[in-house]
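Each chain is listed here by its residues.
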Amino acid sequence: VMENLWSIDRTTGEMTFVGMGMAGNGGFDGASCPFGVEMEKITLDTLVSFGDTISYTVNVNNASSSVLTGITLLDEISFGGTITTLPSNLFGGTVASGIGSNTLRIDGISLPLGMSTFEFDVAMPATNCGDMTITNQAQLLNLPSAIGDTVLSDDPISANLDDGTT
């Protein structure tokens, strides 16, 4: 069954059941891996002016078969915005940078199994920056190497994979 994760001892060939992941989304091609971590970052604020607030929703899906610890979430707000709201005790981590800053950094996260969601707001600069397209992307760092050390957020509204939220 594709949803089962096994560890194979390279010396003895003995297989040990590790856990179950979510159903693969590639049908029965045998290539879709149901294990890993995915992150989406969404905003419905598609047209904003200087001084407005942009609300972001971040969905993180941990389908790795275990709680992941020691993770860092990093989101640099490159367009000059300032974080104005942030949920408390986000994933049990320590907020190293957040409200009043242009960088969201949370260290020591314990990422539970399944889908987790949080929201935060960013105030646009109060002065006119002219017309611009804002693209922003969050990162999960310090993941186990089997998953990939870093996962980038994806804008699920676009067809491109691992692209920043516009």
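Residues numbered from 1 in each chain as written. Predicted model: local features only at pLDDT ≥ 70, side-chain atom pairs only at ≥ 80, totals over all residues. Heavy atoms only, no water.

*Asks:* Help me understand the environment of serine 153 in this model?
*Replies:* Along the chain, the position of serine 153 falls in the segment after strand E11 (151-152). A relative accessible area of 0% means that serine 153 is categorised as buried. A C-alpha to C-alpha distance of 9.3 Å links serine 153 and isoleucine 42, two positions 111 residues apart in sequence. At 2.9 Å, the side chain of serine 153 forms a polar contact with the backbone nitrogen of alanine 138. (Helix = DSSP H or I, 4+ residues; strand = E, 2+ residues; numbered from the N terminus. Buried < 20%, exposed > 50% of the residue type's maximum accessible area, 1.4 Å probe, protein only. Polar contact = N/O pair within 3.5 Å; in protein donor to acceptor, adjacent residues only side chain to side chain.)

*Asks:* I keep staring at the nonpolar core and nothing clicks. Help me out?
*Replies:* One broad rule of soluble globular proteins: the nonpolar side chains tend to lie buried together. With 28 residues, the main nonpolar core has Phe120 and Leu140 as its most contacted residues. Taken together, the elements giving at least two residues each to this core come down to strand E3 (37-42), strand E4 (53-62), strand E5 (68-76), strand E8 (103-111), strand E9 (114-123) and strand E10 (138-141). (Core = buried A, V, L, I, M, F, W, Y, C linked by side-chain atoms within 4.5 Å.)

*Asks:* Just to check I follow, could you spell out the sheet that holds E3 for this structure?
*Replies:* Pairing between the strands of a sheet comes from backbone hydrogen bonds, and it takes one of two forms, parallel or antiparallel. The sheet built from four strands is open, its strands ordered E3-E4-E9-E6 with antiparallel pairing. Strands at the two margins of the open sheet, each flanked by one partner only, are E3 and strand E6 (82-85). Taken over all neighbouring pairs, the strand axes of this sheet differ in orientation by 35 degrees on average, direction set aside. In this sheet, E9 lies alongside E6 in antiparallel orientation, the contact comprising three bridges. Along E9, the bridge assignment pairs threonine 82 with alanine 123. (Pairing = 2+ DSSP bridges. Axes fitted to C-alpha atoms, helices over the stretch in contact; angles between N-to-C directions.)

*Asks:* In this structure, what is going on with the packing of aromatic side chains? I would like to understand it.
*Replies:* Aromatic rings in a pair are described by how distant their centres are and how their planes are angled relative to each other. Applying the stated criterion across every chain, the model contains three aromatic pairs. A network of ring pairs unites the aromatic residues Tyr56, Phe91, Phe118 and Phe120 as a single cluster. Note that lysine 41 overlies the ring of tyrosine 56, its terminal NZ or CZ placed 4.2 Å from the centroid. (Phe/Tyr/Trp six-rings, centres within 6.5 Å; stacked < 30°, edge-to-face > 60°. Lys NZ or Arg CZ within 6 Å of the ring centre and 35° of its normal.)

*Asks:* For this particular structure, what's the right way to read unusual backbone geometry?
*Replies:* Excluding glycine, residues mostly have negative phi values, and the peptide bonds linking residues are mostly trans. Its identity as a non-glycine residue notwithstanding, serine 65 has a phi of 85 degrees, on the positive side. With respect to the helices and strands, the residue serine 65 is situated in the loop between E4 and E5. Residues other than glycine seldom take positive phi values, yet asparagine 142 does so here, at roughly 70 degrees.

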